[in-house]
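These are the residues of each chain, in order.
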Amino acid sequence: MYLVIGATAHFGRQAVEELVAAGAPVRALTRTPERAGLPQEVDVVRADLTKPETLPAALAGVEAAFLVVQYGMDVAPLLAAAGRAGVRRLVFLSSGAVVPGAERQPDVIAQYHRDVERAVEASGIEWTFLRLLFPAINSLTFAMQLQGGDVIRAPYTEAAFSAVHERDVAEVAARILIGGGHAGRAYDLTGPKSLTQTQQVRILGETLGRPLTVEDLDPEPVLEQMSQFMDPEFLAALFALMAQAVGKPAPVNDVIEQITGQPARTYARWAADHRADFGG
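As the structure is a prediction and not an experimental result, all values here were calculated from the model. (Residues numbered from 1 in each chain as written. Predicted model: local features only at pLDDT ≥ 70, side-chain atom pairs only at ≥ 80, totals over all residues. Heavy atoms only, no water.)

## Digging into the packing of aromatic side chains
Per the stated rule, a full pass over the model turns up eight aromatic pairs. When the ring of W127 is compared with that of F129, the centres are 4.1 Å apart and the planes differ by 15°; the resulting orientation is stacked. We note that W127, like F129, is buried. A ring pair is formed by Y267 and W270, whose centres lie 5.5 Å apart and whose planes are at 25°; its orientation type is stacked. In this pair, Y267 and W270 are both assigned in helix α11 (residues 267-273), three residues apart and thus about one turn of the helix distant. Grouping residues by exposure puts Y267 and W270 together as buried. One aromatic cluster is present, formed by Y71, Y112 and F234 through successive ring pairs. (Phe/Tyr/Trp six-rings, centres within 6.5 Å; stacked < 30°, edge-to-face > 60°. Buried < 20%, exposed > 50% of the residue type's maximum accessible area, 1.4 Å probe, protein only. Helix = DSSP H or I, 4+ residues; strand = E, 2+ residues; numbered from the N terminus.)

## Examining the UniProt feature "domain: NAD(P)-binding" (unreviewed entry) in the protein chain
Summarizing the sequence annotation, UniProt attributes the feature "domain: NAD(P)-binding" (unreviewed entry) to residues 6-177 in the numbering used throughout. Taken as a whole, residues 6-177 contains 34% helix and 20% strand, while its terminal C-alpha atoms sit 15 Å from one another. (UniProt positions renumbered as here; feature names shortened; annotations may be inferred.)

## A few points about the sheet that holds strand β9 (residues 185-189)
With respect to topology, seven strands assemble into an open sheet ordered β3-β2-β1-β4-β5-β6-β9, the strand pairing being parallel. Here the strands that pair on one side only, and so sit at the sheet edges, are β3 (43-46) and β9. Between one strand and the next, the sheet's axes are offset by a mean angle of 20°, whatever the strand orientation. Note: strand β1 (residues 2-5) against strand β4 (residues 64-67), four bridges, orientation parallel. Its bridge partner lying in β4, V4 is registered against F66. (Pairing = 2+ DSSP bridges. Axes fitted to C-alpha atoms, helices over the stretch in contact; angles between N-to-C directions.)

## Details of the environment of F92
The residue F92 is located in strand β5 (residues 89-95) in this model. Note: C-alpha distance between F92 and R114 (22 residues apart in sequence) is 11 Å. Apart from the residues within four sequence positions on either side, F92 is in contact with L67, V69, H113, V116, E117, T128, F129 and L130. (Contact = heavy atoms within 4.5 Å.)

In structure tokens:
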């Protein structure tokens, strides 16, 4: 049995679909099974990482698990329960902000994910880390703006990232869960090309058939406004990562192709797959 933790979020949901397509027995952990909307072949179980007493039933008979957690989540109860249940492999969706070998990480995002990695390493369970810096789904933040016009307003519009399609992440996770063979490896996942946010908006406009333009915003007022609703330290770290990505190409590798046998999907493919999210 393969367990997906975070099964109703973007990456977890698509990992479930990939496992089902491969004919693997799949269990999905969620706090609200009645709203999961997952394929009927999936064993959907009610469990909560903040309630350790709910975890043994979800982990019973599980060989390997894909771990997708919200920033700040304490994974210690889960890892303890997984050890007791005899789980053999864990694949953790980590952050590309992690600096390999650094005792102290440069920001709270990298530090949290490296702390989770260390906890997984210490669990005694075979592990693989998938480090992801910029998922293409970050572009979904543009959707609300496009309801009111053809201008995207954002800070750091010349920051470059190699955006990764969530389906590629799911395929990599499913291959490792089922096949094994990647124990003790940490993989940086990238898309096939470095693109600035401005270039991404241009591609999105071509896909939607709309003349989209970009307006670069002063990051300080945006950061101040967003900090009223989100963790200020997290946002400061995120903005710092974007500032560092201005004016230089993002790293690109072929890890996704090496593991799945298929080149990483392009941003244009992602835009086409999400046309409905933008009203297209």
